[in-house]
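Examination of the molecular architecture
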Amino acid sequence: MNNMKRVLLLISLLMLFFTIYLTMDTYALFESNKNYDVSSDIAKFVIKVNGSEAKTEEFVVDSIAYYENEYVIDNKIAPLVDGYFDIVVDAEDVEVSLRYDIEFDFSSLSIPGLVISSITELGGNTLVLTDKDTYSGVITLADMDSSTVNTVRVSISWQNDEANNEVDSSWGMVADKVISIPVNVKLTQYLGEELPVYVE
C-alpha cells in the first residue's frame with residue numbers, strides 16, 4: 001500500500017510539473033504574440049494628386065496654361081488659342097497596384113467652339129474612357145519605382161467660328177473671365193479587374 005501511495009504521489013507530481021510547463025509555454029507564446037509587430041506587413045498606400053495627399057480628391061481647375069498666340073495677349077483665352085492643364089498622380093509611396101479614375105465636369109464650358117481636344121497620359125500609360133467624362137488608368141506594382149508620377153494632360157482648344165462672333169465677343173468683354181472645371185479623382189487598389197469601356 002505504501003508503494004501504491006508513492007506511485008500515485010509520483011504521478012501527481014509529474015502531472016503538476018507537466019501542467020506548469022504547458023502554462024509557462026502558453027504564456028510565453030502569448031507574450032511573444034503580444035509584442036509582434038505586424039505593421040511591416042501592411043502595404044503602403046499613400047498617393048498625391050497635384051501635390052496633395054488623398055485617396056479621393058475633389059477640386060476645381062481654374063488655372064490653365066495657354067500657348068502663345070501672336071494675336072492674343074499672353075495667358076488669355078480667345079478664339080484660335082489652345083491651352084492645357086495637368087492632373088498629376090504621384091504614386092511614389094505606394095506598394096500595391098493602383099487604379100485612378102478621373103471624372104471631369106465640363107458643363108461649365110458653355111462657350112460655343114470651346115472644346116476638349118484631347119485627354120492623354122504623358123508617360124504613355126493607357127487611359128480608358130470608363131464613364132461619361134471619366135478616364136481611368138492603372139499603375140501596376142511592376143511599373144512603380146521611387147519616382148512613379150503619372151501626368152494626365154487635358155488640352156483645350158477654342159475653335160473659331162464666324163457664326164459665334166457675337167457670343168464670343170460678349171464672353172470676352174467680361175473682365176478676368178476664368179474657365180473653371182470641377183475634377184474628382186478616385187484612387188483605389190487595382191485588383192486585376194478589366195476596365196470597362198464606356199460607349200455613348
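Worth saying up front: this structure is predicted, and the values here are computed from it rather than measured.

Unlike most non-glycine residues, Asp 133 shows phi in positive territory, near 60 degrees. Its location among the elements puts Asp 133 in the loop between strand S8 (128-131) and strand S9 (134-139).

On to the environment of Ser 155, then. Its place among the elements puts Ser 155 in strand S10 (residues 149-158). On the basis of relative accessible area, Ser 155 is assigned to the buried category, the value being 15%. Counting along the chain gives 40 residues from Ser 155 to Val 115, while the straight-line C-alpha distance between them is 8.6 Å. If near-sequence neighbours (up to four positions away) are discounted, Ser 155 is found in contact with Gly 83, Tyr 84, Val 115, Ile 116, Ser 117 and Ser 118.

Glancing now at the pairing of strand S6 (residues 98-104). In terms of burial, S6 is a largely internal element, 6 of the 7 residues being buried. Alignment of S6 against S9, held across 6 bridges, turns out to be antiparallel. By the bridge assignment, Ile 102 is partnered in S9 with Tyr 135. Two strands pair when backbone bridges link them, and S6 and strand S11 (residues 181-189) are joined in this way by 7 bridges, in the antiparallel orientation. Counterpart to Tyr 100 in the pairing with S11 is Leu 187.

Another point: the confidence of the model for the protein chain. Looking at the protein chain as a whole, its pLDDT mean stands at 74, while 65% of the residues score no less than 70. The least confident element of the protein chain is helix H2 (residues 165-172), whose mean pLDDT is 58; the most confident is S8, at 95. Here residues 26-40 scores under 50 on pLDDT; set against residues more than four positions off or in separate chains, the count is 1 contact.

Reading the values: rules and limits
- Within each chain, residues carry numbers counting from 1 in the order of the written sequence.
- Reporting of local features is limited, given that this is a predicted model, to residues whose pLDDT is at least 70; pairs of side-chain atoms are given and counted only at 80 or more, and all residues count toward the totals for whole chains, interfaces and linings.
- Based on all heavy atoms of the structure, the side-chain values leave hydrogens and waters out of the count.
- Secondary structure elements are taken from DSSP: a helix is a run of H or I of four residues or more, a strand is a run of E of two residues or more, and numbering for both begins at the N terminus.
- Burial classes follow relative accessibility: with a 1.4 Å probe on protein chains only, a residue under 20% of its type's maximum area counts as buried, one over 50% as exposed, and anything between as partly exposed.
- Any pair of residues with heavy atoms lying within 4.5 Å of one another is described as a contacting pair.
- Two strands make a pair as long as DSSP finds a minimum of two bridges between them.
- pLDDT is a residue-level measure of predictor confidence that goes from 0 to 100.

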